[in-house]
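Chain residues, written in single-letter form:
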Amino acid sequence: MVTTAPASLLQPRLAQLNADYARALDDDRLEDWPGFFGDPCLYVITTADNHRQGHAAGVIYADSPGMLHDRVAALREANVYERHTYRHLVGLPAIVGESDGLVRAETPFLVVRIMRDGRMDLFATGRYLDVVVDTHGALRLRERRVVCDGNRFDTLLAIPL
Amino acid sequence: MVTTAPASLLQPRLAQLNADYARALDDDRLEDWPGFFGDPCLYVITTADNHRQGHAAGVIYADSPGMLHDRVAALREANVYERHTYRHLVGLPAIVGESDGLVRAETPFLVVRIMRDGRMDLFATGRYLDVVVDTHGALRLRERRVVCDGNRFDTLLAIPL
Amino acid sequence: MVTTAPASLLQPRLAQLNADYARALDDDRLEDWPGFFGDPCLYVITTADNHRQGHAAGVIYADSPGMLHDRVAALREANVYERHTYRHLVGLPAIVGESDGLVRAETPFLVVRIMRDGRMDLFATGRYLDVVVDTHGALRLRERRVVCDGNRFDTLLAIPL
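Criteria and cut-off values
- Residues numbered from 1 in each chain as written.
- Chains lettered and ligands numbered in written order.
- Predicted model: local features only at pLDDT ≥ 70, side-chain atom pairs only at ≥ 80, totals over all residues.
- Heavy atoms only, no water.
- Helix = DSSP H or I, 4+ residues; strand = E, 2+ residues; numbered from the N terminus.
- Expected span 1.5 Å × (residues − 1).
- Contact = heavy atoms within 4.5 Å.
- Buried < 20%, exposed > 50% of the residue type's maximum accessible area, 1.4 Å probe, protein only.
- Arc of directions from axis to C-beta.
- Least-squares fit on C-alpha atoms with pLDDT ≥ 70 in both.
- Buried area = accessible area lost by both parts, 1.4 Å probe.
- Salt bridge = Lys/Arg side-chain N within 4 Å of Asp/Glu carboxyl O.
- Nonpolar A, V, L, I, M, F, W, Y, C, P; charged D, E, K, R; others polar.
- Pairing = 2+ DSSP bridges.
- Phe/Tyr/Trp six-rings, centres within 6.5 Å; stacked < 30°, edge-to-face > 60°.
- Lys NZ or Arg CZ within 6 Å of the ring centre and 35° of its normal.

**Regarding helix 3 (residues 65–78) of chain C**
Each α-helix turn comprises 3.6 residues. Residues three or four places apart therefore point the same way.
Logical step 1: Compared with an ideal rise of 1.5 Å per residue, which puts 14 residues at 20 Å, helix 3 of chain C spans 20 Å between its outermost C-alpha atoms and is within 8% of the ideal.
Logical step 2: Against the buried residues of helix 3 of chain C lie strand 1 (37–47) and strand 2 (60–62) of chain C.

If you want it as structure tokens, here you go:
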């Protein structure tokens, strides 16, 4: 007999989605990044303070695949990726709700920045507040709100998280 | 045909348990924290040195749900959460044994502390040594021994891990 | 009905493999480490720069179980483990391919070093590029290429990652 708590099948798929997402960013395959989102979509980077106070806008805001592609183009233009590399450590996804084919999940993350000389530092921590949709067997992000714990938005502005 | 190594179904459920646990702490929903434990239960925070030497007691010791609730009340009184926030990154659970409906698992963790001014530091690393029980379809902690790698118990005393 | 994306069953098993692997290293059970590999096997530690430039050799290179055992013996001789402890945080595995019973996976990791006095620092980040084989129901590493993000190979040379 196979008893399946909902988590048993969905958790691994969310893990795979998050692992693929982090890998695309850390491999500098930015052009693949919009492909993790559905259409319509919402992508926001914000701070814990802003999120707590109900500010929807965030520091970065994109509500269509086109805006995500524009963002990638702007980043390539700016060449910000030349300077450092990043390593995402994405924690275990928590499924927090499910209805009408949409899954709400929260997933913590930590990003380490690696300088050209090999030095590393903690760059960002926070959590992904996601709404995920099951599209033709693949999971896509309908919404990803990146809520950063800190407020260091000097360089945070530059890269997707 | 569905071939299921034991890990296939249990791993995702342990992942979900750990993700929910970490989320409750990082969201400052301390009042939800005792609900992750069964009754009876055991919750211990200790150091790797103490654990290696077989000292059972630990720096923090609670062996009933009531003691966990008392701990939360004391923390609310002390207001220690005002000053910083924390981000738990919980690693992949390792199932190390299973018998009589009890699962033993070991899971590494890392906690980052975020100051009010946005600075972050590595606050603690270690592993959870758990005995988990399947209660009415939900997993509960019968035992969680939090074995910290380091010995910085100044503030560790204050917050649940 | 149980619909299983390939990830649903394999992800948890890869998670378990990685969790067991990290636990063996952090518990200083080095003698168990070669047991995670198949025969034949390949174990390489290299840098992101070297990997990008196609250098196969790496800083550490072992292509047989015997060489892994030799490595452990050398480490025990050198006693390098006395000085520090380490904590591996292994991220979510990304399955990137599957054919002929072999699974290719990429998994990020972060290693924290804990000094005897309790101080911690970020020791290494990177990713495991794995080829995993299903042997008699257990997963074994046919290949593990440890690609480190930084270039701090002073002490990296000493310990398995």
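**Re helix 3 (residues 65–78) of chain B**
Residue and element names in this part refer to chain B.
Logical step 1: Listing the buried residues of helix 3 in full gives Pro-65, Leu-68, Val-72 and Leu-75. Looking down the long axis of helix 3, one finds its buried residues gathered within 80° of arc, a one-sided arrangement. For helix 3, the exposed residues set more than 90 degrees away from the buried face come down to Asp-70 and Glu-77.
Logical step 2: Contacts made by the buried residues of helix 3 are with strand 1 (37–47) and strand 2 (60–62).

**Side note on the relation of the copies chain B and chain C**
Logical step 1: For the pair chain B and chain C, the superposition axis carries a translation of 0.0 Å, the fit reaches an RMSD of 0.0 Å, and the rotation angle comes to 120°. On the angle and the small slide along the axis, the relation comes out as a three-fold axis.

**Concerning the interface of chain B and chain C**
Logical step 1: Listed by partner, the interface residues are 31 residues for chain B and 26 residues for chain C.
Logical step 2: Taking both partners together, chain B and chain C bury about 2,100 Å²; carbon and sulfur atoms supply 66% of that area.
Logical step 3: Residue Arg-23 of chain C pairs with Glu-106 of chain B through a salt bridge whose shortest N-O separation is 3.1 Å.
Logical step 4: For the side of chain B that touches chain C, the elements supplying multiple residues, two or more each, are helix 1 (6–26), strand 3 (85–90), strand 4 (94–99), strand 5 (102–114) and strand 6 (120–135) of chain B.
Logical step 5: A per-element tally of the side of chain B that touches chain C places strand 6 of chain B first, with 6 residues.
Logical step 6: In terms of residue class, the side of chain B that touches chain C is made up of 17 nonpolar, 9 polar and 5 charged.

**Some details on the pairing of strand 1 of chain C**
All names here are of chain C.
Logical step 1: With respect to burial, strand 1 is a largely interior element, 9 of its 11 residues being buried.
Logical step 2: As judged from the 7 bridges shared by strand 1 and strand 7 (residues 138–148), these two strands associate in the parallel manner. Paired with Val-44 across the strands is Arg-145, a residue of strand 7.
Logical step 3: The pairing of strand 1 with strand 2 spans 3 bridges and is antiparallel. Each residue of the ladder has a partner; that of Val-44, found in strand 2, is Tyr-61.

**A short note on the packing of aromatic side chains**
How two aromatic rings sit relative to each other is set out by the distance from centre to centre and by the angle between their planes.
Logical step 1: The tally for this structure, following the rule as stated, stands at 24 aromatic pairs over all chains.
Logical step 2: Measuring from ring centre to ring centre gives 6.4 Å for Tyr-21 of chain C and Phe-37 of chain C, while their planes differ by 65°; the resulting arrangement is edge-to-face. Taken together, the positions of Tyr-21 of chain C in helix 1 (residues 6–26) and Phe-37 of chain C in strand 1 put the pair 16 residues apart, joining distant regions of the chain. When sorted by exposure, Tyr-21 of chain C lands in the same class as Phe-37 of chain C, which is buried.
Logical step 3: With a centroid separation of 5.8 Å and 85° between ring planes, the pair formed by Trp-33 of chain C and Phe-37 of chain C is classed as edge-to-face.
Logical step 4: Looking at Trp-33 of chain C, the relative accessible area reads 0%, which means it is buried.
Logical step 5: The class of Phe-37 of chain C is buried, set by a relative accessible area of 6%.
Logical step 6: Through pairs of rings, three or more aromatic residues link up here, namely Tyr-21, Trp-33, Phe-36, Phe-37, Tyr-43, Phe-109 and Tyr-128 of chain A.
Logical step 7: Positioned above the aromatic ring of Tyr-21 of chain A, the side-chain terminus of Arg-144 of chain A is 4.3 Å from the ring centre.

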